[in-house]
Amino acid sequence: MADAITIHEQGGPEVMRYEEVSVGAPGPGEVRLRQTCIGLNYIDVYQRAGVYKFDLPACIGMEAAGVVEAVGDGVEVVKVGDRVGYVMGAPGAYATERIYPAERLIPLPDDIGDEQAAGSMLKGLTVSYLLRRTFPVQAGQTVLLHAAAGGVGTIACQWLKRLGATVIGTVGSDEKAEIARAHGCDHPIVYTREDFRARVMEITGGEGVPVVYDGVGAAVFEGSLGALARFGTLVHFGAASGPAPAVDPKLLAPKALYFTRPGLAPHTATRELTLDIADALFQKIREGVKIEINQSYDLKDAAEAHRALEARETTGSTIFRV
Ligand SMILES: NC(=O)c1ccc[n+]([C@@H]2O[C@H](COP(=O)([O-])OP(=O)(O)OC[C@H]3O[C@@H](n4cnc5c(N)ncnc54)[C@H](OP(=O)(O)O)[C@@H]3O)[C@@H](O)[C@H]2O)c1
């Protein structure tokens, strides 16, 4: 038996229940994990709230670190006792133990701690694919990053600086502006009181930016398109304020813009794809990118953590201790 956060219906944070669930033995190609640390992500909110539909009751959550406790038939990529992390696959990370497909596991190097891993598998792998595959940033480019003091944001700011980019970052408060700045954001913009599009144009001498990395969605869609330079790319990778509207091609035409909506599922569809972005993340951590665990909760207090994330009260990464 394991302790887990399950939902029997989708809705507000109050639908999350802390209860005992049976785990069982791993089937062919699977492992049983004893989880040591679990990451909180915005996708957990979408799962709980009903943005994504799946069979209920279910355990939610998409990233954790832990130890392999048992392996099923045919598992060759890991063995009992290995430290591993994972991201995506079927929901179910909010648990002390779980069954998980071995092929999706990411072996954790000795110099990557469990908290670092749980705080960065989903957010850091996202930054890894966004900056290396979706729009590979070149030294000297100026980019716009929304929610720059958040989980994805603080990792992205540090990584972008190491690529030699100038980072313009939007944030919801002065306190967050300082956090973004401390992580390499050259020009924090408090977009709750400033017109970020106008500020981007001012900073770039009227040119606009070649790329906007947008995990905020609805609230910034129009301004993001307006902040792009000719042939620029809007990378809409999240919807913390609600999904972006359906894109009218006519909006893209005047500056011949590109719009993409990438996700971690395709970017971790094969072991090779996953390990490539994981290796790049581990390398960046070794080079000094910090995974800031600014909030931690007991797993049973998951509702409190969700409320804080949705109220824009968190910065950096949030983890659950098991
Ligand atoms: N596609 C992918 O592969 C992928 C993977 C990981 C994450 N994501 C997305 O990336 C985004 C960031 O994820 P995260 O886990 O690192 O979260 P986070 O950035 O730590 O938290 C979300 C932030 O969004 C900002 N925000 C703006 N409007 C908001 C609103 N109406 N309600 C709530 N927050 C609002 C807030 O920062 P300010 O107060 O500074 O505005 C808030 O702190 C999310 O949209 C997530 O879904 C996508």
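S.K.: Before we go on, may I ask you to explain the nonpolar core in this structure?
M.R.: Ranked by size, the top nonpolar core spans 53 residues in total, and within it Leu-125, Leu-160 and Tyr-213 carry the most contacts. The biggest single contributor to this core is helix α3 (residues 121-134), with 7 residues. Residues from two domains meet in this core; each of domain 1 (2-119 + 291-321) and domain 2 (124-263) gives at least three. In this view, Tyr-213 contacts Leu-130, Leu-131, Phe-135, Val-137, Val-143, Leu-144, Leu-145, His-146, Leu-160, Val-235 and Phe-237; residues no more than four positions away in its chain are not counted.

S.K.: Please clarify how the site of the ligand should be interpreted in this entry.
M.R.: Around the ligand, a shell composed of 28 residues is seen, among which Tyr-129, Lys-176, Tyr-191, Gly-215 and Phe-237 lie nearest. One of the backbone N or O atoms of Tyr-42 is found 3.3 Å from an oxygen atom in the ligand. Within the side chain of Tyr-129, an N or O atom sits 2.7 Å from an oxygen atom of the ligand. Contact with the protein chains hides 91% of the accessible area of the ligand, taken as 910 Å² for the molecule alone. Within the residue set of the shell around the ligand, elements represented by two or more residues are α1 (42-49), α3, α4 (151-162) and α11 (302-310). Looking at the shell around the ligand, the element that brings in the most residues is α3, giving 3 residues.

S.K.: When you look at the domain arrangement of the chain in this model, what are you seeing that I'm missing?
M.R.: The accessible area lost on association of the parts is a frequent measure of interface size. Taken as a whole, the chain is organised into domain 1 (2-119 + 291-321) and domain 2 (124-263). Taking only C-alpha atoms, the centre of domain 1 and the centre of domain 2 are 28 Å apart. At the junction of the two partners, domain 1 supplies 11 residues and domain 2 supplies 15 residues. Between domain 1 and domain 2, roughly 940 Å² of surface is buried when both sides are summed, and carbon and sulfur atoms account for 54% of that area.

S.K.: Is there a simple way to think about the environment of Thr-314 in this case?
M.R.: One can find Thr-314 in the loop between α11 and β16 (317-321). Sequence separation between Thr-314 and Gly-150 is 164 residues; the distance between their C-alpha atoms is 7.1 Å. In this structure Thr-314 touches Lys-176, Gln-295, Ala-308 and Leu-309, once residues within four positions along its chain are discounted.

S.K.: Teacher, can you tell me more about the sheet that holds strand β2 (residues 16-21) here?
M.R.: Hydrogen bonding along the main chain pairs the strands of a sheet, whether they run parallel or antiparallel. Read across the open sheet, the 3 strands follow the order β2-β1-β4; overall the sheet is antiparallel. Edge strands, defined here as strands with exactly one partner in the open sheet, are β2 and β4 (58-59).

S.K.: It is not clear to me how the sheet that holds strand β9 (residues 142-145) should be interpreted in this structure. Could you clarify?
M.R.: Here 6 strands make up an open sheet; going across it, the order is β11-β10-β9-β12-β13-β14 and the pairing parallel. The open sheet terminates on both sides in strands that have one partner only, identified here as β11 (187-190) and β14 (258-260). Adjacent strand axes in the sheet meet at a mean angle of 15°, parallel and antiparallel pairs treated alike. The pairing of strand β13 (residues 228-236) with β14 spans 3 bridges and is parallel. Within the sheet, the bridge partner assigned to Leu-234 lies in β14 and is Phe-259. Contacting β10 (166-171) and β11, helix α5 (residues 174-182) runs over the sheet at an angle of about 165° to β11.

S.K.: For this particular structure, what's the right way to read the state of the cysteines?
M.R.: Every disulfide links exactly two cysteines, by a covalent bond between their sulfur atoms. For the structure shown, the criterion picks out 0 disulfides. Considering cysteine sulfurs only, Cys-59 is the nearest to Cys-37, which forms no disulfide, with 15 Å between them. Cysteine Cys-157 remains unbridged, with the sulfur of Cys-185 as its closest cysteine sulfur at 4.8 Å. For Cys-157, a relative accessible area of 0% translates into the label buried.

S.K.: How should I be thinking about the pattern of salt bridges in this particular structure?
M.R.: Close approach of charged atoms allows side chains of opposite charge to pair. Here the structure, examined in full by the defined rule, presents 20 salt bridges. Residue Asp-276 is joined to Arg-132 by a salt bridge in which the shortest nitrogen-to-oxygen separation is 3.3 Å. A residue pair is termed long-range when its members are at least 10 positions apart, and Asp-276 in helix α10 (residues 271-286) and Arg-132 in helix α3 qualify at 144 residues. The partner of Glu-202 in a salt bridge is Arg-199, with the nearest N and O atoms 3.4 Å apart. One end of the pair, Glu-202, and the other, Arg-199, are both in helix α6 (residues 196-203), 3 residues apart, so they sit about a helical turn from each other. Salt bridges here are not isolated pairs; linked through shared partners, they connect Arg-32, Arg-34, Glu-69 and Glu-97.

Each value, and the rule that gives it
- Residues numbered from 1 in each chain as written.
- Predicted model: local features only at pLDDT ≥ 70, side-chain atom pairs only at ≥ 80, totals over all residues.
- Heavy atoms only, no water.
- Core = buried A, V, L, I, M, F, W, Y, C linked by side-chain atoms within 4.5 Å.
- Buried < 20%, exposed > 50% of the residue type's maximum accessible area, 1.4 Å probe, protein only.
- Helix = DSSP H or I, 4+ residues; strand = E, 2+ residues; numbered from the N terminus.
- Domains from an automatic or database assignment.
- Contact = heavy atoms within 4.5 Å.
- Near = heavy atom within 4 Å.
- Polar contact = N/O pair within 3.5 Å; in protein donor to acceptor, adjacent residues only side chain to side chain.
- Areas by Shrake-Rupley, 256 points an atom, 1.4 Å probe, with all protein chains shown as cover.
- Buried area = accessible area lost by both parts, 1.4 Å probe.
- Pairing = 2+ DSSP bridges.
- Axes fitted to C-alpha atoms, helices over the stretch in contact; angles between N-to-C directions.
- Disulfide = S-S within 2.5 Å.
- Salt bridge = Lys/Arg side-chain N within 4 Å of Asp/Glu carboxyl O.

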